[in-house]
Amino acid sequence: EREALARYDPILLNELKEEIAAKQEAILFDALPGERRRYLLQYGCTAWTAEALAQIAAFSPLVEVGAGEGHWQRALANWIPNDATI
């Protein structure tokens, strides 16, 4: 670790960065390396429930503003009948 820093070796520094990220993920999220990223790609920061979608759908039509990757919008689009608008 100190060798990578002392030599400013980009390959060793990248390996160290990956090792630290994996340990951080295990500590913070009790997850194996890559699990948190896969979860975020699928659900975003929070996963929805049927109850949450039903509550939100009750207020349709909806306007989505600055909602990241659109995970909730896609879930709502599948939840709300085709003739409704989001």
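Residues numbered from 1 in each chain as written. Predicted model: local features only at pLDDT ≥ 70, side-chain atom pairs only at ≥ 80, totals over all residues. Heavy atoms only, no water.

Caption draft 1: Representation of the packing of helix 4 (residues 50–57) against helix 5 (residues 71–79) within the structure. Helix 5 packs onto helix 4 with a crossing angle of 80° between their chain directions and a minimal axis gap of 10 Å. With respect to helix 5, the axis of helix 4 lies roughly perpendicular. Here helix 4 contributes Ala50, Ala52, Leu53, Ala54, Ile56 and Ala57 to the contact with helix 5, which in turn contributes Trp72, Ala75, Leu76 and Trp79. Grouping the amino acids of the contact of helix 4 with helix 5 by side-chain chemistry returns 10 nonpolar, no polar and no charged. (Axes fitted to C-alpha atoms, helices over the stretch in contact; angles between N-to-C directions. Helix = DSSP H or I, 4+ residues; strand = E, 2+ residues; numbered from the N terminus. Parallel < 35°, antiparallel > 145°, perpendicular 65-115°, else oblique. Contact = heavy atoms within 4.5 Å. Nonpolar A, V, L, I, M, F, W, Y, C, P; charged D, E, K, R; others polar.)

Caption draft 2: Structural detail: the pattern of salt bridges. Summed over the entire model, instances satisfying the criterion amount to one salt bridge. Among the ionic pairs, Lys23 bridges to Glu19, the shortest N-O distance being 3.0 Å. Remark: Glu19 and Lys23 occur in helix 2 (residues 10–29); sequence separation between them is four residues, near one turn of the helix. On the basis of relative accessibility, which here comes to 48%, the residue Lys23 falls in the partly exposed class. (Salt bridge = Lys/Arg side-chain N within 4 Å of Asp/Glu carboxyl O. Buried < 20%, exposed > 50% of the residue type's maximum accessible area, 1.4 Å probe, protein only.)

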